[in-house]
Structure formats: structure tokens, C-alpha cells
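# Coordinates in review
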Amino acid sequence: MRTAVVASLCVLMLAACQQSNNTSVTRIRANGVDTLYSKTTVDNGVASFDCIASSSGRCHYLVLDARCTKDTDCPYLPLHRLAVAVGKTEQMAGLPAGFQHCVSAVQKEQCHRE
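Given the structure is predicted, the values throughout are model-derived calculations rather than measurements.

## Some thoughts on the sheet that holds strand E6 (residues 89-93)
One open sheet accounts for four strands, arranged E1-E2-E3-E6; its pairing is antiparallel. The sheet terminates laterally at strand E1 (21-30) and E6, the two strands that pair on one side only. Each adjacent strand pair in this sheet contributes to an overall mean axis angle of 10°, direction not counted. Judged from the 10 bridges that link them, E1 and strand E2 (residues 33-43) form a sheet pairing that is antiparallel. If you follow Ile 28 over to E2, its bridge partner there is Leu 36.

## A closer look at the nonpolar core
If you look at the biggest cluster of nonpolar residues, it comprises 13 residues, and the most contacted ones within it are Phe 49, Cys 59, Tyr 61, Val 63, Leu 82, Leu 95 and Phe 99. Elements that contribute at least two residues to this core include exactly strand E3 (46-54), strand E4 (58-64) and strand E5 (80-85). If we ignore the near neighbours within four places in the chain, the residues touching Leu 82 are Phe 49, Cys 59, His 60, Tyr 61, Val 63, Glu 90 and Met 92. Within the second largest apolar cluster, six residues are counted, among which are Leu 62, Leu 64, Cys 68 and Cys 111.

## Here's the deal with the state of the cysteines
Considering all chains together, one arrives at two disulfides under this definition. At a sulfur-sulfur separation of 2.1 Å, the disulfide partner of Cys 51 is Cys 59. The disulfide joining Cys 51 to Cys 59 has a torsion of about 70° about its S-S bond and is therefore right-handed. For the residue pair Cys 51 and Cys 59, the accessibility class agrees, reading buried in each case. One disulfide bridge connects Cys 68 with Cys 74, the sulfur atoms lying 1.7 Å from each other. Classification of Cys 68 as buried rests on a relative accessible area of 4%. Classification of Cys 74 as buried rests on a relative accessible area of 9%.

## A closer look at the sheet that holds strand E7 (residues 100-104)
Here three strands make up an open sheet; going across it, the order is E5-E4-E7 and the pairing antiparallel. Of all the strands in the sheet, the pair left with one neighbour each is E5 and E7. Ignoring strand direction, the axes of neighbouring strands in this sheet form an average angle of 20°. As paired strands, E4 and E7 are joined by five bridges and run antiparallel to one another. Across the sheet, His 60 pairs through a bridge with Ser 104, a residue of E7.

What counts as what
Residues numbered from 1 in each chain as written. Predicted model: local features only at pLDDT ≥ 70, side-chain atom pairs only at ≥ 80, totals over all residues. Heavy atoms only, no water. Pairing = 2+ DSSP bridges. Helix = DSSP H or I, 4+ residues; strand = E, 2+ residues; numbered from the N terminus. Axes fitted to C-alpha atoms, helices over the stretch in contact; angles between N-to-C directions. Core = buried A, V, L, I, M, F, W, Y, C linked by side-chain atoms within 4.5 Å. Buried < 20%, exposed > 50% of the residue type's maximum accessible area, 1.4 Å probe, protein only. Contact = heavy atoms within 4.5 Å. Disulfide = S-S within 2.5 Å.

Right, here's the structure in full:
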């Protein structure tokens with residue numbers, strides 16, 4: 001009985017170690033005021049897009065194929081476009097592993113800096 005309990009605890013501990021969590025924060029300030037402040041978290045395959053502040057009232061996200069980079073034009077269409085109101089969070093499941101994303105105070109067609 002004791003061996004079964006110990007074995008069960010070990011399995012639970014291993015399962016906890018398998019969980020993935022990745023957080024990205026984007027924050028742009030001008031004259032001490034946040035013009036864009038966003039936090040994106042991926043936890044066990046569910047992405048949360050949290051718009052904390054934006055000069056436009058919305059954070060505009062592009063969700064990109066994992067083969068894209070944020071520094072150059074991507075030949076693949078965005079997987080998703082989201083416009084999240086300040087103070088709100090949108091969640092999305094089922095995104096491919098390694099997906100890329102970018103956020104801006106205004107809607108953009110590509111992620112690269114202009």
C-alpha cells in the first residue's frame with residue numbers, strides 16, 4: 001500500500017513537471033505613460049492575450065506561423081488576428097507549437113518594425 005502511494009505521488013510530480021508555461025511582456029512608454037502594455041502567456045497549450053494598456057483602447061495581436069519571425073515580412077498568412085480591449089483578456093487554444101505573435105496599439109498587416 002505504501003509503495004502504491006509513493007508511486008502515485010511520483011507520477012503526479014512528473015506530470016507537474018511536464019507542464020509548459022511561457023510569458024511575453026510588451027511595454028512601450030512615452031513621457032511616463034504606457035502607450036502599449038500587453039502580456040501574453042501560453043500555459044499547457046492555451047494562449048492568453050492580456051491587454052493592460054493601449055493608447056488606442058485596444059491591443060492588436062497577430063498570431064503567426066512558427067516559421068515566421070517578427071523582424072521580417074512573413075510569407076504565410078497570419079493564423080489569427082485579435083483586437084482585445086484594454087482591461088480584457090482573450091484566450092485561444094489549439095495554436096501550433098512555437099507560434100509567433102506580435103502586438104501593437106494599431107492594427108498592422110505584418111509584425112516587423114517599420
